[in-house]
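These are the residues of each chain, in order.
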Amino acid sequence: MAIKTQPVTVNLGPQHPSTHGVFRMRVMFDGEEIVDVEPVFGYLHRGSEKLAEERTYTQIVTLTDRMDYVSSMLNNQAYILAVEKLAGIEPSPRGVWLRMIASELQRIASHLVATGFLLQDLGALGTPLIYAMRERENILDLFEMLCGARITNSYLRPGGVFMDAPAEFWPALDRGLGDILNTVDELETYLSGNEIVFSRTKGTAVLPKELLINASITGPMLRASGVDWDLRHRAPYDYYDRVSFDRILHTASDNYARYWVRVQETRESVKIIRQCIEQIEPGDVRPSFDEVPRLIRPPVGDAYAAIEGSKGELGFYLVSDGSIAPYRMHVRASSLINLTLLRDMLIGGQFGDLFVTFGSVDLNMGEVDR
Amino acid sequence: MTTVWSGGALAEAIEAFAPGSVESSAGSDVWLKPESISTVCEGLKIRSEFKFDLLSSLTAVDYIDHFEVVYHLTSLPMNASAVLKSRVGHGRTEASIASVVPIWRGADYQEREVWDLMGIRFDGHPNHKRIMLWEGYPGHPLRKDYVTYDQSIASTAPGAADSLKGAE
C-alpha cells in the first residue's frame, strides 16, 4: 500500500553552508520529490553598478574583484578589456601575457573550488575539498608574488598590469603547474571513476542543449552538453589566438558531465600558461602614464567586452559621457544567468540531488547579486 | 573570429523582413521602435541569415530624457554578434517595452533586474517581480534621479544646500 504524502514547503538558506554564499530557495516537496522551486536573490546585493558611476575607471578595478570573489583576475580582465575598447587603449604585450597567465591560474583555482565543493555537497566530506583547496592555496601564493594580494587582486590596469612579476615568480610558477597536474590526476584517480560519484551524478538534472542556448547559458555548463562554444576560441581576446588548446566537450549534459568538463579544463589552462611562458618577452607591463594616464576620459560612447570566465560569458557594458567616471556600468553576470534553468533542473528530482545539482551550476553569490 | 554586424547592414536586413521597425542606425548599433521589438527579435532568431539563438546581455541606460534598452545578441551557428537598442519612456513617463522572454528564456532574470534597478516594465514577462531588492523598496536605484541614502542625509543637514551648490 502506497503511503500518502502531503506537499510541504521548506525554506533553504540564505544561511546554509551548501548554498555557496547567501542564496535562498523556497522548495516544495512531495515526499522526497521536488515539485516546485523558487529562488530568492539579493542577500549580497551591494549595488556595484551604482557605485561604479561615482568612481574613476581605475578605481572600479577594485569593485570588480568583489563580484565573483573566487575569480577576481577574470573579472579584472573582462572589465579592463571593456575599458580598453571604450578608450581605444593599446595594451603592452608583456602586460597582456602576464594577465593571461594570471587569469588562467584563476580559472584553475575557480574550477578547483567548484569541483571541491561539488564533492563536498555529494557527501565526500573533507578530503576532495581539502585537496582542491590545497592546490588553490598554491595559486593564491603565486598571486601574492604577482601583486601582493591573494583574493581581491586588483592586478590589472588599463593597458596591462600594474607591476612586473618578480624573478622568483617564474620558477615557482613552473613548480606550481606540475603540482596542479598532479593534484588533478590524484583527484581523478579517486573520483572520476568512483562508483558513488557515478551513481549520484550520472543522469541527474539533464538539460537539452537547445534549452541551454535559449536560456543564455554559457561556459562549462554549455560545453557539457556538447556545444563547442568557448569565447577564447570563437572570439579570441588578448593573445588567445596565439595559443592552442583543446576545447573540452561532453555530450551527456548531466551533473557528471559538468563536473568532468571543469576537471579537464584545468589541464588545458596549464597548457595555455606553458605557452604564455614560452612566448612572453621582456618589456613594459603597461603603457607610460603619458599614454594612459591614471584618470582616463574615454570619448562619448559605449562598449561591451566579454571573456570566457570560469562560469561562462562574463561581459562588461560601459557607457561613457566623456568624464572620468563611467555614466553607466553593467555586468553580464554568468552566475546569475546560469541559474535561469534552476527550476527545470530541480523539479521532478529527489531531495538528495538538490545540492548536487545546485553545486554543478557553479555559481558565486558575489556575482549573482553584485 | 566573431563577425560583428554593422548597424547599417543590420538595419537594412531588418527592414527587409520587418518594414518600418528601424528608427536609426550608427556604428554597430541599430535603434528599433519599441513596439516592433518582438517581431524583430523573433525574426532575428529564426531567419536563416541571422540565427541569433543566444541573448548575451540585456540591460538599460538612463539618459535622463529617455531610457535605452540594450540587447547584445550572439549567433552560435554563424559566430556573429549584433547590438539592438530601443528608446523608451520619453520625458520620464511610464517606461515599458515588450518582454523577449517568449523568444529567449535567458532574458528572464535580466529583465527582472532591469525592472528592479531601472524601473522599465516588460509587458508579457511571466514573473514580473523585483529580483535584487524586496517588494515595496522605494524607487529604482540605477535611475539618475534616485537619491541615495548618504545624499539624502547631506541634503537635510544644516547648511547642506549651500555646500551642494558649491560642489556643482
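Quick caveat: nothing in here was measured; it's all calculated off a predicted structure.

Enquirer: Sorry if this is basic, but what is going on with the overall build of chain B here?
Expert: From N to C terminus, chain B includes 5 helices and 8 strands. When the helices and strands of chain B are placed in sequence order, the string is β-α-β-β-α-β-β-β-β-α-β-α-α. For chain B, the C-alpha atoms occupy an extent of roughly 65 × 35 × 30 Å along the three principal directions. Burial analysis of chain B (168 residues in total) assigns 40% to the buried set. Sequence-distant contacts, at least 24 apart, represent 43% of the contacts inside chain B between residues at least 6 apart.

Enquirer: How should the pairing of strand β7 (residues 313–320) of chain A be read in this particular structure?
Expert: Remark: a regular strand shows side chains that alternate across the two faces of the sheet. Residue and element names in this part refer to chain A. Of all the 8 residues making up β7, 8 are buried; the element is thus mostly covered by neighbouring parts of the structure. Residues E313, G315, Y317 and V319 of β7 are buried on one face, and the alternating residues L314, F316, L318 and S320, pointing to the opposite face, are buried as well. As defined by bridge partners, strand β6 (residues 301–308) adjoins β7 across 8 bridges and the pair is classed as antiparallel. Bridge pairing in β7 places D302 opposite V319. Between β6 and β7, which follow one another and run antiparallel, lie 4 residues, and G312 among them has a positive phi close to 145 degrees. In terms of strand pairing, β7 meets strand β8 (residues 328–332) through 5 bridges, oriented antiparallel. From the neighbouring strand, F316 faces β8, where its bridge partner is V331.

Enquirer: Before we go on, may I ask you to explain the interface of chain B and chain A in this structure?
Expert: How large an interface is tends to be reported as the accessible area lost when its parts come together. Contacts between the two partners involve 24 residues from chain B and, on the opposite side, 28 residues from chain A. For the side of chain B that touches chain A, the elements supplying multiple residues, two or more each, are β4 (54–62), β5 (67–75) and α3 (107–118) of chain B. The element that contributes the greatest number of residues to the side of chain B that touches chain A is β4(B), accounting for 6 residues. In the side of chain B that touches chain A, the residues fall into 13 nonpolar, 8 polar and 3 charged.

Enquirer: Any chance you could explain the confidence of the model for chain B here in plain terms?
Expert: For any part of a model where pLDDT is low, the fine detail of the predicted coordinates should not be relied upon. All names here are of chain B. When pLDDT is averaged along chain B, the result is 84, and 91% of the positions lie at 70 or above. Confidence, expressed as mean pLDDT per element, reaches its minimum in chain B at helix α5 (residues 160–167) with 49 and its maximum at β5 with 92. Across residues 164–168 the pLDDT falls below 50, and counting only partners more than four positions away or on other chains, this stretch makes 2 contacts in the model. Two numbers describe this predicted complex: its pTM, 0.89, and its ipTM, 0.86.

Enquirer: Hey, could you run me through the sheet that holds β7(A) in this one?
Expert: Within a sheet, neighbouring strands are paired by backbone hydrogen bonds and run either parallel or antiparallel to one another. Residue and element names in this part refer to chain A. On the basis of which strands lie adjacent, the open sheet formed by 3 strands has the order β6-β7-β8 and antiparallel pairing. One side of each edge strand has no neighbouring strand; the edge strands of this open sheet are β6 and β8. Direction aside, neighbouring strands of the sheet carry axes that sit 10 degrees apart on average. The sheet contacts of helix α3 (residues 72–87) involve β6 and β7, and relative to β6 the element is tilted by about 145 degrees.

Enquirer: Quick question: what am I supposed to make of the nonpolar core here?
Expert: As a rule of thumb, soluble globular proteins bury nonpolar side chains together. Ranked by size, the top nonpolar core spans 144 residues in total, and within it A78(A), A82(A), F316(A) and I120(B) carry the most contacts. Residue contributions to this core peak at 16 residues, all from helix α4 (residues 93–122) of chain A. Among all residues touching F316(A), those that are not within four sequence positions of it are A78(A), Y79(A), A82(A), A305(A), M329(A) and V331(A).

Enquirer: Please clarify how helix α14 (residues 354–361) of chain A should be interpreted in this entry.
Expert: An α-helix turns once per 3.6 residues; consequently, residues spaced three or four apart project the same way. Residues and elements named next belong to chain A. Buried residues dominate α14, accounting for 8 of its 8 residues. Those residues of α14 lying buried are L354, F355, V356, T357, F358, G359, S360 and V361. Next to the buried residues of α14 lie β3 (33–40), α4, α7 (195–201), α9 (220–223), α11 (255–279) and α13 (342–346). Following α14 by one or two positions, D362 adopts a phi angle in the positive range, close to 60 degrees.

Enquirer: Even after reading the chapter, I still don't get the packing of α4(A) against α14(A), so can you show me in this structure?
Expert: All names here are of chain A. In contact at an axis separation of 8 Å, α4 and α14 are set at 175 degrees when each is read in the N-to-C sense. Between α4 and α14, the crossing angle belongs to the class labelled roughly antiparallel. Every residue of α14 that contacts α4 at F117, L118, D121 and L122 is listed here: F355, V356, G359 and S360. In the contact of α4 with α14, the residues fall into 5 nonpolar, 2 polar and 1 charged.

Calculation criteria
- Residues numbered from 1 in each chain as written.
- Chains lettered and ligands numbered in written order.
- Predicted model: local features only at pLDDT ≥ 70, side-chain atom pairs only at ≥ 80, totals over all residues.
- Helix = DSSP H or I, 4+ residues; strand = E, 2+ residues; numbered from the N terminus.
- Buried ≥ 20, exposed ≤ 12 C-beta atoms within 10 Å, placed from the backbone.
- Contact = placed C-beta atoms within 7 Å.
- Pairing = 2+ DSSP bridges.
- Nonpolar A, V, L, I, M, F, W, Y, C, P; charged D, E, K, R; others polar.
- pLDDT = per-residue confidence, 0-100.
- Axes fitted to C-alpha atoms, helices over the stretch in contact; angles between N-to-C directions.
- Core = buried A, V, L, I, M, F, W, Y, C linked by C-beta atoms within 7 Å.
- Parallel < 35°, antiparallel > 145°, perpendicular 65-115°, else oblique.

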